[in-house]
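# Close look at the chain arrangement
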Amino acid sequence: MASNGNGNGSVATGKGSGGRNGLPKIQTQKRQNAICHDDTAPTVKAQTIDELHSLQRKKSAPTTPLDGVQGAFANLTEEERHKQQLQSISASLASLTRETGPKLVRGDPARQSETPRVSHAPDHHFAPTFSASDSSLKFTHVLYNLSPAELYEQAIHYEKGSFITSSGALATLSGAKTGRSPKDKRVVRDDTTEDELWWGKGSPNIEMDEHTFLVNRERAVDYLNSLDKVFVNDQFLNWDPENRIKVRIVSARAYHSLFMHNMCIRPTAEELENFGTPDFTIYNAGQFPCNRYTHYMTSSTSIDLNLGRREMVILGTQYAGEMKKGLFGVMHYLMPKRQILSLHSGCNMGKNGDVALFFGLSGTGKTTLSTDHNRYLIGDDEHCWSDKGVSNIEGGCYAKCIDLSREKEPDIWNAIKFGTVLENVVFDEHTREVDYLDKSVTENTRAAYPIEYIPNAKIPCVGPHPKNVILLACDAFGVLPPVSKLNLAQTMYHFISGYTALVAGTEEGVKEPRATFSACFGAAFIMLHPTKYAAMLASKMEKHGATGWLVNTGWSGGSYGSGSRMKLAYTRKIIDAIHSGKLLNANYKKTEVFGLEIPTEVEGVPSEILDPVNTWSDKKAYKETLLKLGGLFKNNFEVFLNHKIGKDDKLTQEIVGAGPKF
Ligand SMILES: Nc1ncnc2c1ncn2[C@@H]1O[C@H](COP(=O)(O)OP(=O)(O)OP(=O)(O)O)[C@@H](O)[C@H]1O
Ligand SMILES: O=C([O-])CC(=O)C(=O)O
Ligand SMILES: [Ca+2]
Ligand SMILES: [Mn+2]
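Summarised in this report is the structure supplied together with it. (Residues numbered from 1 in each chain as written. Chains lettered and ligands numbered in written order. Predicted model: local features only at pLDDT ≥ 70, side-chain atom pairs only at ≥ 80, totals over all residues. Heavy atoms only, no water.)

## Quick word on the site of ligand 2
- Around ligand 2, the surrounding shell consists of R180, Y319, K324, K325, H344, S362, D381, Y398, R446 and F525.
- Note that an oxygen atom of ligand 2 is positioned 3.2 Å from one of the side-chain N or O atoms of H344.
- When ligand 2 sits alone it has 260 Å² of accessible area, and the protein chains cover 95% of it.
- Of the residues belonging to the shell around ligand 2, the class tally is three nonpolar, two polar and five charged. (Near = heavy atom within 4 Å. Polar contact = N/O pair within 3.5 Å; in protein donor to acceptor, adjacent residues only side chain to side chain. Areas by Shrake-Rupley, 256 points an atom, 1.4 Å probe, with all protein chains shown as cover. Nonpolar A, V, L, I, M, F, W, Y, C, P; charged D, E, K, R; others polar.)

## Brief notes about the packing of aromatic side chains
- Tallying each qualifying case throughout the model produces 19 aromatic pairs.
- Ring geometry for Y493 and F633: centres 6.2 Å apart, planes at 20°, overall stacked. With Y493 in helix α11 (residues 488–497) and F633 in helix α14 (residues 619–637), the pair connects residues that are 140 residues apart, well separated along the chain. Of the two residues, Y493 and F633, both sit in the buried class.
- Residues F594 and F633 carry aromatic rings whose centres are separated by 5.0 Å and whose planes lie at 80° to one another, so their mutual orientation is edge-to-face. A residue pair is termed long-range when its members are at least 10 positions apart, and F594 in the loop between β31 (588–590) and β32 (597–599) and F633 in helix α14 qualify at 39 residues. Each of the two residues, F594 as well as F633, counts as buried.
- Taken together, the aromatic side chains of Y493, Y499, F517, F594, F633, F637 and F640 make up a single cluster linked through ring pairs.
- One Lys or Arg, K485, reaches over the ring of Y588 and ends 4.2 Å from the middle of that ring.
- The positively charged end of K634 is found above the aromatic ring belonging to F662, 4.4 Å away from the centroid. (Phe/Tyr/Trp six-rings, centres within 6.5 Å; stacked < 30°, edge-to-face > 60°. Helix = DSSP H or I, 4+ residues; strand = E, 2+ residues; numbered from the N terminus. Buried < 20%, exposed > 50% of the residue type's maximum accessible area, 1.4 Å probe, protein only. Lys NZ or Arg CZ within 6 Å of the ring centre and 35° of its normal.)

## Quick notes on the coordination of the manganese ion (ligand 4)
- Surrounding the manganese ion (ligand 4) are the protein donor atoms K325 (NZ), H344 (NE2) and D381 (OD), which sit 2.2 to 2.5 Å from the metal.
- Geometry at the manganese ion (ligand 4) is octahedral, judged from its six donor atoms and the angles of 67 to 170° they form at the metal.
- Separation of the manganese ion (ligand 4) from the calcium ion (ligand 3) amounts to 4.8 Å. Note that K325 is positioned in helix α8 (residues 321–337) and H344 in the loop between β12 (341–343) and β13 (345–349), a separation of 19 residues in sequence.
- Look at K325 and you get buried, because its relative accessible area is 11%. (Donors = N, O, S within 2.8 Å, 3.2 Å for Na, K, Ca; no water. Tetrahedral: all angles 85-135°; square planar, octahedral: opposite > 155°, others 65-115°.)

## Details of the site of ligand 1
- Residues in close proximity to ligand 1 total 21 residues, the closest being S362, G363, K366, E409 and R446.
- Taking G363, its main chain carries an N or O atom lying 2.8 Å from an oxygen atom of ligand 1.
- In this structure, an oxygen atom belonging to ligand 1 sits 3.4 Å away from a main-chain N or O atom of T364.
- Relative to its unbound accessible surface of 640 Å², ligand 1 loses 91% to contact with the protein.
- Elements supplying a minimum of two residues to the shell around ligand 1: α9 (366–370), β18 (396–400) and α13 (568–580).
- In terms of residue count, α9 provides more of the shell around ligand 1 than any other element does, three residues in total.
- A per-class count over the shell around ligand 1 returns five nonpolar, nine polar and seven charged.

## Some words on the nonpolar core
- Counting 124 residues, the largest nonpolar core has L422 and Y449 as its most contacted members.
- Of all the elements, α8 adds the most residues to this core, at eight residues.
- Here L422 is in contact with T165, A169, L170, A171, T172, C401, I416, V434, Y436, R446 and A447, once residues within four sequence places are set aside.
- Judged by nonpolar contacts, the second largest core, of 27 residues, contains V142, Y144, F213 and Y223. (Core = buried A, V, L, I, M, F, W, Y, C linked by side-chain atoms within 4.5 Å. Contact = heavy atoms within 4.5 Å.)

## What about the coordination of the calcium ion (ligand 3)?
- Donor atoms from the polypeptide that bind the calcium ion (ligand 3) are T367 (OG1) and Y398 (O), placed at 2.1 to 3.0 Å.
- Looking at T367, the relative accessible area reads 12%, which means it is buried.
- On the accessibility criterion, Y398 (5% relative accessible area) is buried.

## Quick word on the side chain of T172
- Tracing the chain through its elements places T172 in strand β4 (residues 170–172).
- Sequence-distant contacts of T172, defined by excluding residues within four places in its chain, comprise G161, Y255, V421, L422, E423 and N424.

## Examining the environment of S559
- With respect to the helices and strands, S559 occurs in the loop between β29 (555–556) and β30 (564–565).
- Residue S559 is classed as buried on the basis of its relative accessible area of 13%.
- Taking C-alpha positions, S559 is 26 Å from S370, a pair spaced 189 residues apart along the chain.
- Ignoring anything within four residues of it in the chain, the contact list for S559 reads A476, F477, G478, W616 and T625.

Below you can see the structure in the form of structure tokens.
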């Protein structure tokens, strides 16, 4: 409604000023004794609007006094440090054929007036000859380690599908791909990796040659250099200070930069000044496809890992999880070389220092169950187990959001606030309230937040040797018990099997569950043969006296369609009993076929559900389903029968014998 413009301080009522049903007039008259206020407030210290705007933002200063800075970068002026950073980034972005890096400038090209138009690229880059292509004449702006607030502004301004939700999170769209593309993940096979890595049947490492990698690298680098600006994140992986890895992520989207800001370990200003050369670099040109005429390419998506060059190239997918899990693959290569076991597991610690690991495939409950209000969260997805104990690889969590509820998962719910990246969720166009039940974009909706958004996160994210190793399976067949205690051989059998069963698709009515076997609960990420990781896990568990458990977070009372998903409240009670040590000393009986030890009682859980046979009304169907699953396990394990696990055959024989018998 337009102002009525009568200028006497009254509020328009819509019925003409002073209308009978209108609001009373607002008094703007000065109270009697009030001092006559001079509202010619002090004027701002600016002569122009531009000057005023420049006052608004204060130059940020390092939190640590630079006097104390040690090492190579000590005694440098800020300008010299910036110059070194840009030279390092220019080297990262160098085209391999032109052998020179692009001319770089710090800051947002949209704010050019504020950006000194000086290139800090190395001097020899400054002789563009007439034969140079146009790309060598342009500047690339670098948005280096921006803060979440700056990245929000970039995303909202420039990236379609970016919105602020009612809780303050940044809603983003990942584009056509809303999950990882394991079939498009390629690894360079060279003289070294030929012998070191796991190749062939069952291996996630689909080969490519060095030359093809360079073709794709050039494509990604040229794409990135053709843009007005790129985002660069310099961060760390692994909270174990002796085994920390420096990573650089070059990307085209603020969404990707904020995602990695949240998921990797964030350096302090001082650590950033001393960052130097990264140990590993990702070139994320996800909006741009690979060239399908390129050798080895089978689609327009390609995620390429070159361990020799310590680089990864992403073309044709904007799903941010590729970066997170790509780096996880790198850790699965680097860490075992140092006798450190890398694990696709969540991890938390009790008040008394008892550590538990939660293994499981996607959607089985690692994030949900490691985020426990009564325990310290060490991490939700990727860990290392060294001689000293456990350490989280990441600095953030990546939670599934489908059906998320405040009641069942309060800590995750509360972590979805300013700074958090919310992928592919649906929200009310006006209130920006997220509807977590809505699968219109994808079922794989996700939230990525810094680990300190969980109130009881343990920072630094390290802990002592695990006491319990919990293997999670979401068994949609509904025949695995809610919990069973495993001996070492059984733990290894189930670790190598890496079973879960999800429901294929819900749209075309009820479907058969589909069993998935993924070695080490993460076959998509491992680089060496599964038995290498299994042998390390066995020896660590034995040495440190850890107990193995199998927990079914899937169906009870029948398969998918007739039964229902295990109540999260019951699973939490089971996990509590494992942590407290009560379950270790419970009474057990053995199940048929899988030979699992199941407790007869767990506090807070109805006893009749502990043996799944009790929950099925059709006992014949139960037995058939049980045998069917047993058969699937047997078939899957056949490929491992010829492999030795650890130093002696004894353990191997025991592991083979720890599978289902019928
Ligand atoms: N009994 C249960 N135990 C655990 N999770 C359950 C249970 N019932 C339902 N759920 C739901 O299952 C999902 C488990 O997903 P979660 O994010 O923990 O998977 P994840 O193992 O961390 O997978 P990813 O590796 O893909 O991140 C959550 O959405 C959770 O709410
Ligand atoms: O990587 C992803 O997309 C999500 C994840 O954690 C997994 O699949 O294990
Ligand atoms: Ca997770
Ligand atoms: Mn995961």
